[in-house]
Amino acid sequence: MEKIRQDINIGSNLRSLRRKCRLTQEQIAAKLQTNGCDITRSIYSRYETGELNIRVSDLVVLRKIFNCDYNDFFFGLDVD
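As the structure is a computational prediction, the values presented were derived from the model and not from experiment.

Where helix 4 (residues 56-66) is concerned, the buried positions are D58, L59, V61, L62, I65 and F66. Looking down the long axis of helix 4, one finds its buried residues gathered within 170 degrees of arc, a one-sided arrangement. Within helix 4, the exposed residues directed more than 90 degrees away from the buried face are V56 and K64. Of the surrounding secondary structure, the elements contacted by the buried residues of helix 4 are helix 1 (11-20), helix 2 (25-34), helix 3 (41-49) and helix 5 (70-73). Just downstream of helix 4, N67 is the residue with a positive phi angle, here 50 degrees.

Looking now at the packing of aromatic side chains. Under the criterion given, the structure shown has 2 aromatic pairs. Considering the side-chain rings of Y44 and Y47, the 6.3 Å spacing of their centres and the 75 degrees angle between planes classify their relative orientation as edge-to-face. Of this pair, Y44 and Y47 both sit in helix 3, 3 residues apart, roughly one helical turn. When its relative accessible area of 5% is taken as the criterion, Y47 is described as buried. On the numbers, 6.3 Å between centres and 45 degrees between planes, the contact of Y70 with F73 is tilted. Residue Y70 and its partner F73 are located together in helix 5, separated by 3 residues, close to a single helical turn. Of the residues examined, Y70 reaches a relative accessible area of 34% and is grouped as partly exposed. The class of F73 is buried, set by a relative accessible area of 0%.

What counts and what doesn't
- Residues numbered from 1 in each chain as written.
- Predicted model: local features only at pLDDT ≥ 70, side-chain atom pairs only at ≥ 80, totals over all residues.
- Heavy atoms only, no water.
- Buried < 20%, exposed > 50% of the residue type's maximum accessible area, 1.4 Å probe, protein only.
- Helix = DSSP H or I, 4+ residues; strand = E, 2+ residues; numbered from the N terminus.
- Arc of directions from axis to C-beta.
- Contact = heavy atoms within 4.5 Å.
- Phe/Tyr/Trp six-rings, centres within 6.5 Å; stacked < 30°, edge-to-face > 60°.

Following this line, the structure appears as structure tokens:
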């Protein structure tokens, strides 16, 4: 199976959404785990730094945790 390569980093938006909710990376990882995502704080940290591609299933759960719209993950990333 071929992996999709990340061409735009959404990590800064993830960090902003997390901080807006006043949650730590550890708290986010715990909430993701509670919702069935196999993730650690270290993996989540790599999402925020852009070192690791985020899984769609994690985005689905993060939308619920952050109580946001999917567009918020991609805010300001328009490519012309």
